[in-house]
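# Residue-level structure breakdown
Each chain, letter by letter, is given below.
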Amino acid sequence: METTLSMERHRSIVQDSKIRRPPRNFGSPYILMGGFAFLIAIGTLLLSLPFTNTKNEITPFLDALFTATSAVTVTGLVVVDTSTHWSFTGQLIIIILIFTGGLGIMASATFLLVLIGRRITLANRLMVRESLGVYQLGGLIGLARRIVIVIVSIQVIGFIVLFIGLMDKYPISDVWWLSLFHSVSGFNNAGFVIFPESISLSVFKTDYIILLTMSSLIILGTLSYSVMLDIFGYRRKFNRYTLDSKMVVTATVGLLVIGFIVFLISEYSNPDTLGDLNFVQKTVNTLFIAVSGRTAGFSTVDFGSMEQHSNFFLTSLMFIGGASASTAGGIKVNTFAVLIAAVLSSIAGRSHVVAFGREIPHPQVYRAMTVLILGLAIVFSVALLLTITENLMFIDILFETVSA
C-alpha cells in the first residue's frame, strides 16, 4: 500500500511539474525573428499600395519587400530612389519601420503595452531580455522605458540641429520633414536619404554642421544603451566602465582612427572622391566616411569611385559593424574585441582570455568564434553564388554582400 501511494505521489508530482513548466520558446530568438518577419510583411503590404508612391500605382512586390526589409533591418540598401519614388505617406511608413526595427521589436512592443496599461507577462520579459541583449530579468520594463526616452531624446536633438542647418537650403515647409527623417535614419544607421537631387549626402560635402551632426547621430546609434549609460551616466571615468563598455569603446575608437588614417591616405589625391577638396574638407569628409561607411551607409562620395583597396577595407569595417544591442549591423565590435583579446592572450601564452585585467569566460569566447565563422560562411556562400549568377566585379559583389 505504501509503495502504491508513493508511486501515485511521484506520478502526481511529475504531472504537476509538466503542467507548470514554462514553454521552452518564451525567450526563443525565433519569436524575435517572427516579430521582424511580421513587421516586414506589414511594411511590404503598405508600401505596395498606390498612395505610398508618387506615381499612384501599385509598387512591384519585390521592390516593396526589399524596401521594407531594408528599413526594418536598418540596412539602407534600396532598389528605388527614396526621395522620388515614395510619397510622403510612403516615406512616413519607411521611417516608422526604421524606428521600430532600430529600437527592437520587443522593446517597442513592451513600451506600447506599458503606455496602454497592459500587464507585462514573464514571456514578454524574457523576449525583451533577448531583444536588448541583457541578462537581468528584473527591472526590464523600466529599462525599456528609459531606453525609449533616451533614444527619442537623442533623435529630437538631432532633428533640432539638422533643422537649423537646413533652414537656409530648403523651403521651410520641407525642412521639418527632411530634418526628422534624416535624424531617425542617421541614429538608426539606416542609410535612407530623401534629400532632393542628391546622391546620399553628396550635396553636403562642404557643410560641416550637417556632416558632424549626422556623424554624431551615427556614432551614438552604434553604441548600446548600457555603453551610453556608462559614458554619460554615473560611470563617466573609463576605469569605472563595465568590461563590455571598455571593449566596445576601445574597439570603436580604434576602428574609427584606423579607418580615418587609411581613407585619408588612400583617397587624398583621388579626383573622384576627395581630390578636389581643401585639407579641412578632406579631413571632415574622411571622418564621415570612417564613421558612416562602417555601419550606416551614408556617403558624400561615390563608393564605387574609391580605390579598390579602400573599398576592401571599408567592406572589412562593415563586416565588424557596431555594438551588440545597438542599431548597427555586422558581427559586432563586442565580438571583434573578444577575438582580439583571445589572440593577444594566446600570443602572451595565457591559458585564459584576459582583457583590461579581467578574465573573459570561455563560453563568451566560443560564442564570438561561432559568430565570426557563421558570418564568414554566409558572406562566402552568398558572394560565391552572386559571382556565378551576376556579371559584376568580385569586389563590388563582396561589398554589397557584406553591406546586406
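Above this text you will find the structure in question.
Residues numbered from 1 in each chain as written. Predicted model: local features only at pLDDT ≥ 70, side-chain atom pairs only at ≥ 80, totals over all residues. Heavy atoms only, no water.

## Some thoughts on the overall build of the protein chain
Broken down by element type, the protein chain carries 17 helices and two strands. Counting only residues that meet the buried cut, the protein chain has 46% of its 404 residues in that class. Summing over all exposed atoms, the protein chain offers an accessible surface of approximately 21,000 Å²; the carbon and sulfur share of this is 66%. (Helix = DSSP H or I, 4+ residues; strand = E, 2+ residues; numbered from the N terminus. Buried < 20%, exposed > 50% of the residue type's maximum accessible area, 1.4 Å probe, protein only. Areas by Shrake-Rupley, 256 points an atom, 1.4 Å probe, with all protein chains shown as cover.)

## Description of the packing of aromatic side chains
Enumeration according to the criterion identifies eleven aromatic pairs in this entry. When the ring of Trp177 is compared with that of Phe181, the centres are 5.9 Å apart and the planes differ by 65°; the resulting orientation is edge-to-face. Note that Trp177 and Phe181 are positioned in helix H9 (residues 172-187) at a spacing of four residues, about one turn of the helix. Each member of the pair, Trp177 as well as Phe181, is classed as buried. (Phe/Tyr/Trp six-rings, centres within 6.5 Å; stacked < 30°, edge-to-face > 60°.)

## A word on the pattern of salt bridges
With the rule as written, the count across this model stands at two salt bridges. The shortest N-O distance in the salt bridge between Lys169 and Asp168 comes to 3.3 Å. Using a relative accessible area of 63% as the deciding quantity, one classes Asp168 as exposed. For Lys169, the salt bridge identified is with Asp207, shortest N-O distance 2.8 Å. Separated by 38 residues along the polypeptide, Lys169 in the loop between helix H8 (140-166) and H9 and Asp207 in the loop between H9 and helix H10 (208-222) bring together distant segments of the chain. One network of salt bridges, in which partners are shared, links Asp168, Lys169 and Asp207. (Salt bridge = Lys/Arg side-chain N within 4 Å of Asp/Glu carboxyl O.)

## Let's talk about the packing of helix H12 (residues 243-267) against helix H13 (residues 279-295)
Close contact between H12 and H13 brings their axes to 9 Å; oriented N to C, the two are set at 130°. Looking at the two axes, H12 sits oblique to H13. Considering the relative orientation of H12 and H13, their crossing is right-handed. Residues Thr252, Leu255, Leu256, Gly259, Phe260, Phe263 and Leu264 of H12 pack against Lys282, Thr283, Thr286, Leu287, Ile289, Ala290, Val291 and Arg294 of H13. Its residues assigned to classes, the contact of H12 with H13 comprises nine nonpolar, four polar and two charged. (Axes fitted to C-alpha atoms, helices over the stretch in contact; angles between N-to-C directions. Parallel < 35°, antiparallel > 145°, perpendicular 65-115°, else oblique. Left-handed = near helix turned anticlockwise from the far one by under 90°. Contact = heavy atoms within 4.5 Å. Nonpolar A, V, L, I, M, F, W, Y, C, P; charged D, E, K, R; others polar.)

## Some remarks on the side chain of Thr315
Structurally, Thr315 can be placed in helix H14 (residues 308-320). Classification of Thr315 by relative accessible area gives buried; the value is 4%. Not counting chain neighbours up to four residues away, the residues in contact with Thr315 comprise Leu398, Phe399 and Val402.

## Let's talk about the side chain of Asn53
As for its placement among the helices and strands, Asn53 is situated in the loop between helix H2 (29-48) and helix H3 (61-72). At 3.3 Å, the side chain of Asn53 forms a polar contact with the backbone oxygen of Pro50. A polar side-chain atom of Asn53 sits 2.4 Å from the main-chain carbonyl oxygen of Glu57. Residue contacts for Asn53: discarding those within four places in its chain leaves Thr59, His85, Trp86 and Ser87. (Polar contact = N/O pair within 3.5 Å; in protein donor to acceptor, adjacent residues only side chain to side chain.)

## Points about unusual backbone geometry
Backbone geometry at Asn56 places phi at a positive 55°, although glycine is not the residue there. Mapped onto the elements, Asn56 comes out in the loop between H2 and H3. Its identity is not glycine, yet Ser200 carries a phi of approximately 55°, on the positive side. Within the element layout of this structure, Ser200 appears in the loop between H9 and H10. For Ser200, a relative accessible area of 16% corresponds to the buried category.

## What to know about a nonpolar patch on the surface
A surface patch of nonpolar side chains, about 530 Å² in accessible area, is lined by Val152, Val156, Ile160, Ile164, Met167 and Ile172. The greatest single-element share of the nonpolar patch, amounting to four residues, is contributed by H8. Tracing the chain through its elements places Ile160 in helix H8. On the accessibility criterion, Ile160 (44% relative accessible area) is partly exposed. (Patch = residues over 30% accessible without salt bridge, like charges linked within 9 Å, V, L, I, M, F, W, Y side chains within 5 Å.)

## Some points on the environment of Val379
For Val379, the location among the structural elements is in helix H16 (residues 362-389). For Val379 and Leu398, which are 19 residues apart along the polypeptide, the C-alpha to C-alpha distance reads 7.6 Å. When sequence neighbours within four positions are dropped, the list of residues in contact with Val379 reads Phe319, Leu398, Thr401 and Val402.

Geometric descriptors of this kind do not, in isolation, establish any biological role.
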